[in-house]
Amino acid sequence: MTTASVDLAAMLCSRLCHDLLSPVGALSNGLELLADEKDPEMRARCFELLEQSARISTDKLKFFRLAFGAAGGFGEFVEVEEPKTLVEALVADKANIQVNWALAAAKLPKDAVKVLLNFSHIAIDALVRGGTLDIGAELRDGASEIVVRATGPKIAFDDTIGRALEGSLPANELSSRTAAAHMIHVLANAAGGGLQYQRTDEALVLGAVLPQPEGMIG
């Protein structure tokens, strides 16, 4: 394993830990409150908060397992219902984000699913004031084509993430914030494909084309 690979793995771990710190911290705080609370109504409320934090932690772990990890429980292809369920869970507590799906294939290659999930995560983060998340994917002419569009009143998108997607961000400028974008750039590049994005004040469009390896049959 190269130094660059080790650094990327470390940054992805940092990003995962950052995203899990809040719900896991809430679990710890809830348990402390529960230990001291005697009022039945407040104890019931503590249990509700604990259940919510546990669900969010579990949903994020499942999401990152497939978005970042090897996800050994899956084959070369993944049923599209799997990433759909993971994204829906990620926005379950964001009532101001509406998700629309256009999935033309029943299964997608695992690397294409990784790109779809990471695009979705970037797009969700961009919708700081809510909005619409449109996610589309299909297999056409031997390639996976993925489009994710975030539309909202104010798009928050760090240009360094865009540069990481394009592969123009220097290695010494990579961080836990840009590591996931760099990872899917590497995946797309290795497959002979590419990523692109377009951003305005009210929309962010992320696109990818990933050729399938010869002999891969869905």
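Source: prediction; values computed, not measured. (Residues numbered from 1 in each chain as written. Predicted model: local features only at pLDDT ≥ 70, side-chain atom pairs only at ≥ 80, totals over all residues. Heavy atoms only, no water.)

Undergrad: Sorry if this is basic, but what is going on with the sheet that holds strand β5 (residues 143-151) here?
TA: Two strands in a sheet stick together by hydrogen bonds in their backbones, pointing the same way (parallel) or opposite ways (antiparallel). An order of β2-β4-β5-β7-β6 is seen for the five strands of this open sheet, with the pairing classed as mixed. Every other strand in the sheet has two partners, leaving β2 (97-103) and β6 (194-199) as the edge strands with one partner each. Shown here is a sheet whose adjacent strand axes are inclined to one another by a mean of 10 degrees, direction ignored. Bridge count between strand β4 (residues 131-140) and β5: nine bridges; the pairing is antiparallel. When the bridges of β5 are listed, Thr132 appears paired with Thr151. Of the strands in this sheet, β2 and β4 touch helix α3 (residues 81-90), which is tilted by about 175 degrees from β2. (Pairing = 2+ DSSP bridges. Helix = DSSP H or I, 4+ residues; strand = E, 2+ residues; numbered from the N terminus. Axes fitted to C-alpha atoms, helices over the stretch in contact; angles between N-to-C directions. Contact = heavy atoms within 4.5 Å.)

Undergrad: Help me understand helix α6 (residues 179-190), please; the structure alone is not making it clear to me.
TA: What sets the pattern is the α-helix's 3.6 residues per turn: residues three or four places apart point alike. Between its terminal C-alpha atoms α6 stretches 16 Å, which fits the 16 Å expected from 12 residues at 1.5 Å a residue. In the stretch just after α6, Gly192 is the one whose phi turns positive, near 85 degrees. (Expected span 1.5 Å × (residues − 1).)

Undergrad: What exactly am I supposed to notice about the nonpolar core here?
TA: Grouped burial of nonpolar side chains is what soluble globular proteins tend to show. Counting residues in hydrophobic clusters, the biggest one holds 54 residues, and the most contacted among them are Leu117, Phe119, Leu133, Ile146 and Leu165. Among the elements that line this core, the one with the most residues is helix α4 (residues 110-126), at 10 residues. Ignoring any residue separated from it by four or fewer positions in sequence, one finds Phe119 in contact with Ile146, Val148, Leu165, Ile184, Leu195, Leu206, Gly207 and Ala208. (Core = buried A, V, L, I, M, F, W, Y, C linked by side-chain atoms within 4.5 Å. Buried < 20%, exposed > 50% of the residue type's maximum accessible area, 1.4 Å probe, protein only.)

Undergrad: How should I be thinking about the pairing of β6 in this particular structure?
TA: Moving residue by residue along a regular strand, the side chains alternate between the two faces of the sheet. The pairing of β6 with strand β7 (residues 203-211) spans six bridges and is antiparallel. If you follow Gln198 over to β7, its bridge partner there is Val205. Linkage of β6 to β7, two consecutive antiparallel strands, is achieved through a turn of three residues.

Undergrad: Even after reading the chapter, I still don't get the side chain of Ser57, so can you show me in this structure?
TA: Considering the arrangement of structural elements, one finds Ser57 in helix α2 (residues 40-67). Side-chain polar atoms of Ser57 contact the backbone oxygen of Ser53, separated by 2.9 Å. Beyond its immediate stretch of four places on either side in the chain, Ser57 contacts Leu20, Pro23, Val24 and Leu27. (Polar contact = N/O pair within 3.5 Å; in protein donor to acceptor, adjacent residues only side chain to side chain.)

Undergrad: Even after reading the chapter, I still don't get the packing of helix α5 (residues 159-166) against α6, so can you show me in this structure?
TA: Packed helix pairs are characterised by how far apart their axes lie and by the angle those axes make with each other. Running from amino to carboxyl end, α5 crosses α6 at an angle of 20 degrees, the nearest separation of the two axes being 7 Å. In this view, α5 runs roughly parallel relative to α6, as classed from their interaxial angle. Seen along the crossing, α5 lies across α6 with a hand that is right-handed. For the pair formed by α5 and α6, the contact residues are Ile161, Ala164, Leu165 and Glu166 on the first element and Ala181, His182, Ile184 and His185 on the second. Each residue belonging to the contact of α5 with α6 can be placed in one class, and the counts come to five nonpolar, two polar and one charged. (Parallel < 35°, antiparallel > 145°, perpendicular 65-115°, else oblique. Left-handed = near helix turned anticlockwise from the far one by under 90°. Nonpolar A, V, L, I, M, F, W, Y, C, P; charged D, E, K, R; others polar.)

Undergrad: Sorry, what's going on with the pairing of β5 here?
TA: Count of turn residues in the β4/β5 antiparallel hairpin: two residues, of which Asp141 carries a positive phi of about 50 degrees. With nine bridges connecting them, β5 and β7 associate as antiparallel partners. Bridge pairing links Val148 to Leu206 in β7.

Undergrad: Could you clarify how one ought to interpret the pattern of salt bridges in this entry?
TA: One side chain can pair with another of opposite charge once the charged atoms of both are near each other. In total, this model carries 10 salt bridges according to the counting rule given. The residue Asp125 makes a salt bridge to Arg15 at a minimum N-O spacing of 3.0 Å. With Asp125 in helix α4 and Arg15 in helix α1 (residues 3-36), the pair connects residues that are 110 residues apart, well separated along the chain. Note that Asp134 and Arg149 form a salt bridge whose closest N and O atoms lie 3.3 Å from each other. Residue Asp134 is found in strand β4, and its partner Arg149 is found in strand β5; the two are separated by 15 residues along the sequence. By relative accessible area, which is 40% here, Arg149 ends up partly exposed. Beyond isolated ion pairs, a larger network of salt bridges with shared partners links Arg15, Asp19 and Asp125. (Salt bridge = Lys/Arg side-chain N within 4 Å of Asp/Glu carboxyl O.)

Such coordinate-based values are descriptive only and should not be taken to indicate function.
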